[in-house]
Each structure stands twice: as structure tokens, then as C-alpha cells.
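Structural overview
Here are the chains, one letter per residue:
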Amino acid sequence: MILITGGTGYIGAHVALECMVRGEEVLILDNLCNSQRSAIDRISVLAGKRPGFIFGDVRNRRLLDSVLRDYPIDAVVHCAGLKAVGESVREPLRYYNTNVGGSVVLCQAMAQAGIFRLVFSSSATVYGDCTCMPINESCATGQPTNPYGMSKLMCENVMKSVASSDPRWSIGLLRYFNPIGAHASGLLGEAPTSTPNNLLPYLLQVALGERRALAVFGNDYPTPDGTGVRDYIHVEDLALGHIRALDALRDRRGVSLWNLGTGRGYSVLDVVKAFEKVSGIPIPLNVEARRPGDIACCWADPQKSIEELGWQARHGLEKMLADAWRWQCNQHKRDEVRKAN
Ligand code: NAD
Ligand code: UDP
């Protein structure tokens, strides 16, 4: 059985579903601070059976001890955490407490229970403003420009130390590039509860008419069209990367680093153009100043993941955007029905 912390969230729900589709038993632990219990119903519809669910906090050591004792868990995927960059600047202690504190407690409880296979949701943000492009796993980690990024780097360092202290550990640090998209069914996707920070959720709200225009943060970067370039990856491809990592970790010890990206970069304007093509909806733009802390370019060298995990992203930008749009329209319809009742 696989324990997925944060398994009702955007990425965790896709990982849970992918594990279940492959015949694994899944137990989700989530405190629902940024997700909803209804994600369990939607995973169940798609998987044809229900995952286990524990409502609780990953920092609760007593809860984790009992979960790891009472269920036949043999590996953990740790997605639970806080992820809003701007919020992390305003509330750094909450971010360090949840992200770093949660990882420490989880590792303690796992060691106590004799469970040593762990996959962690890390981020390309740990590379900071990396000058080598594409970025491979031997590029040095940089200086993340905000507490969220720092917390991810700290979690990685905690896990590296833990793995060097006891040879039984087998830990995969998955450095996600920019996950977007949604499940092709339109039933699982990202549902931000407040004003979105990231490009895609913001763009989708503009497309729905909920916001007037998309702010383009800077058109004077040293990139082909002046806007920031990122490696967007379909969340279903990302989820599959976790399955491959869980498998690969059976035969590995220590810490393994894997980039989960496509290896292709797209600018903000590329994304907008592709979205307009897929949806037929024009997106009004406002060019604004650069967002503090943003870097010009970031895309992955996925070669190590291809060789060691046999994993490669399959979906292109248009498919990511079409799936995201389908999910957003379904969400919108659900919200309208809820308001009408
Ligand atoms: P999300 O907010 O949708 O999911 C995170 C889940 O963790 C939520 O369901 C939330 O309720 C839960 N959670 C938060 N704190 C918790 C706690 N203390 N105890 C139990 N549950 C808790 O975010 P996501 O996009 O699915 O991200 C998952 C992980 O991937 C996060 O660790 C995030 O930092 C990392 N990550 C995300 C991205 C991205 O762009 N989405 C990129 C890189 C890394
Ligand atoms: N971006 C933008 N407008 C927005 C949000 C993001 O122009 O409303 C740009 C941002 O400057 C970056 C790219 O879109 O170049 C991706 O930003 P996002 O926040 O989605 O991801 P990250 O910065 O974490 O890579």
C-alpha cells in the first residue's frame, strides 16, 4: 500500500489515481487546507474503487505513527505542503513549519515504522537562477529567491542527511518543472482557492471572463520574444514519473535526483497563443513590470529520468492546455449549479 500525503491536492490526486490504475492500494493523508474531500469521490469514479482517506496533518507525529502501524504501507509519496510563493514571503514561518517540519516528522515516523522508500515532491526552484540550460541534475542547487523555494531546498537537504545516516533509506527527489493541465476526463485538476499566482490558472480565469486581462510579467527578458520561458509538463506525465520512481527505488539506496520536465521551453506568449488556438478565445494582455524573483528561462534536461526511470513526458503544450480548459469549464459549470441551488 502506498501512502500519499497531500493526495487530495492537484498533483497528489493524479499520483493517487495513477497508482490505483496500476493496481496499488492507496491511502491518502491530507488536512484539506488547500483541497476538498470531493477529490476522493472523483478519484474513485476514475479508478473504479475508493482510496483510503485519513483527514489529518502530516506534522502530527502521533497520527503518523498510528497510520504507519495500522496500515500495510510499504512506500510514501510526500506531496503535502504549501506552495504559494507570495504567501511564503508574507508568512515564512508557516511555510518552514509545514514544508520542512512536515518532512522531518514524516521521516521520523517512517524510520520508526521501518519504512524507508520515499518519493518527495521537490521543485526546479531549487536550482535558483541556474545559468546552464537545459538544467540537469548535476547542476548546482542555487539560492532560491523566496521562503517557499528555500523550504524545498531545506527538505531536500534533510532527506539527503537522513539517507546518509542510515543505508536502508531509498529516497527519490523529484524536481518538477511547471506542472499544468488536468486529467483528460475533466474530473481532476487544479482548483486554486484564492487569487492564482501561476500563469495557467490565471489565464484560465481570464478566458472564463472572471478576470479582465492577463498580466504579462515583463517582455524585456533575454528570450526570443522577451517573455519568461518555462518547461510546462502535463500533470498526467508528472504522475507517471512518480510511479516509475517508486519502482526504481526498490533497487536503489540513498538519494536519487530526477528532473520531471519535457526538455522544451515555451514563453508566456507561446502559451497564450497556443491557448487561443485550442479554445478559440482571445486573451487580453497587459504587459507589466517583471515579477520580483522571476528568472528568464528554466527548462529541464530530462535525460537522466529517461535513462534511469524509463520515463519521458508524452503530452505537448496544446494537449496540456486543452485538458486544463476542459477541467476549468467543468469546474465553472459545477460552481454555477452550486450557486443556483
Ligand atoms: P496542492 O496545494 O494542490 O496540494 C497540496 C496538498 O497538501 C493539499 O491537498 C493540501 O491540503 C495538503 N496539505 C498542505 N499542508 C498539509 C499538512 N500540513 N498536512 C497534510 N496535508 C497538507 O499543491 P500541488 O500543486 O498538488 O503540489 C504538491 C506538491 O508539489 C507540493 O509539495 C508542492 O510544493 C510541490 N510542487 C508543486 C508545483 C506546482 O506547480 N504545482 C511545482 C513544484 C513542486
Ligand atoms: N507569468 C505571467 N503572468 C502571470 C503569472 C506568471 O506573465 O500572471 C509568467 C512568469 O513571469 C513566468 C511564467 O509566467 O515567466 C511562469 O510563471 P509561474 O508563476 O506559472 O511559474 P514559475 O514562475 O514558478 O516558474
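A short tour of the structure in this document, coming up. Only a predicted model underlies this, so the values are computations on that prediction, with no experimental measurement involved.

**Re the side chain of Gln328**
Among the secondary structure elements, Gln328 is positioned in helix α11 (residues 317–340). Assessed through its relative accessible area of 11%, Gln328 is described here as buried. Filtering out sequence-adjacent residues up to four positions away, Gln328 remains in contact with Leu204, Gln205 and Leu208.

**Overview of the site of ligand 2**
Lining the immediate environment of ligand 2, one finds 14 residues, of which Leu199, Ala215, Arg230, Arg291 and Asp294 sit closest. Between an oxygen atom of ligand 2 and a side-chain N or O atom of Arg291, the distance comes to 2.7 Å. Burial of ligand 2 by the protein chains amounts to 88% of its free accessible area of 520 Å². Per-element accounting of the shell around ligand 2 gives the leading share, four residues, to strand β8 (residues 214–217). Its residues assigned to classes, the shell around ligand 2 comprises seven nonpolar, four polar and three charged.

**Comments concerning the pairing of strand β1 (residues 2–5)**
Neither face of β1 is left uncovered, since the one carrying Ile2 and Ile4 and the one carrying Leu3 and Thr5 both have all their residues buried. Here four bridges tie β1 to strand β2 (residues 26–30), and the two strands are oriented parallel to one another. Across the sheet, the residue bridging to Thr5 is Leu29, located in β2. Crossover handedness for the path β1 to helix α1 (residues 10–21) to β2: right-handed. Pairing geometry for β1 and strand β4 (residues 75–78), over four bridges, is parallel. Among the inter-strand pairings, Ile4 is bridged to a residue of β4, identified as Val77.

**A word on the nonpolar core**
Side chains of nonpolar character tend, in soluble globular proteins, to be buried together. Formed by 35 residues in total, the largest nonpolar core has its most connected members in Ile4, Cys19, Ile43 and Val77. Only β1, α1, β2, α2 (38–47), β4, β6 (170–176), α8 (235–249) and β11 (254–260) provide two or more residues apiece to this core. Considering every element that reaches this core, the biggest residue donor is α8, with nine residues. Residues within four places of Ile4 in sequence aside, it is in contact with Gly12, Val15, Ala16, Cys19, Val26, Leu27, Ile28, Leu29 and Val77.

Reading guide: rules and limits
Residues numbered from 1 in each chain as written. Chains lettered and ligands numbered in written order. Predicted model: local features only at pLDDT ≥ 70, side-chain atom pairs only at ≥ 80, totals over all residues. Heavy atoms only, no water. Helix = DSSP H or I, 4+ residues; strand = E, 2+ residues; numbered from the N terminus. Buried < 20%, exposed > 50% of the residue type's maximum accessible area, 1.4 Å probe, protein only. Contact = heavy atoms within 4.5 Å. Near = heavy atom within 4 Å. Polar contact = N/O pair within 3.5 Å; in protein donor to acceptor, adjacent residues only side chain to side chain. Areas by Shrake-Rupley, 256 points an atom, 1.4 Å probe, with all protein chains shown as cover. Nonpolar A, V, L, I, M, F, W, Y, C, P; charged D, E, K, R; others polar. Pairing = 2+ DSSP bridges. Right-handed = clockwise from strand over helix to strand, strands pointing away. Core = buried A, V, L, I, M, F, W, Y, C linked by side-chain atoms within 4.5 Å.

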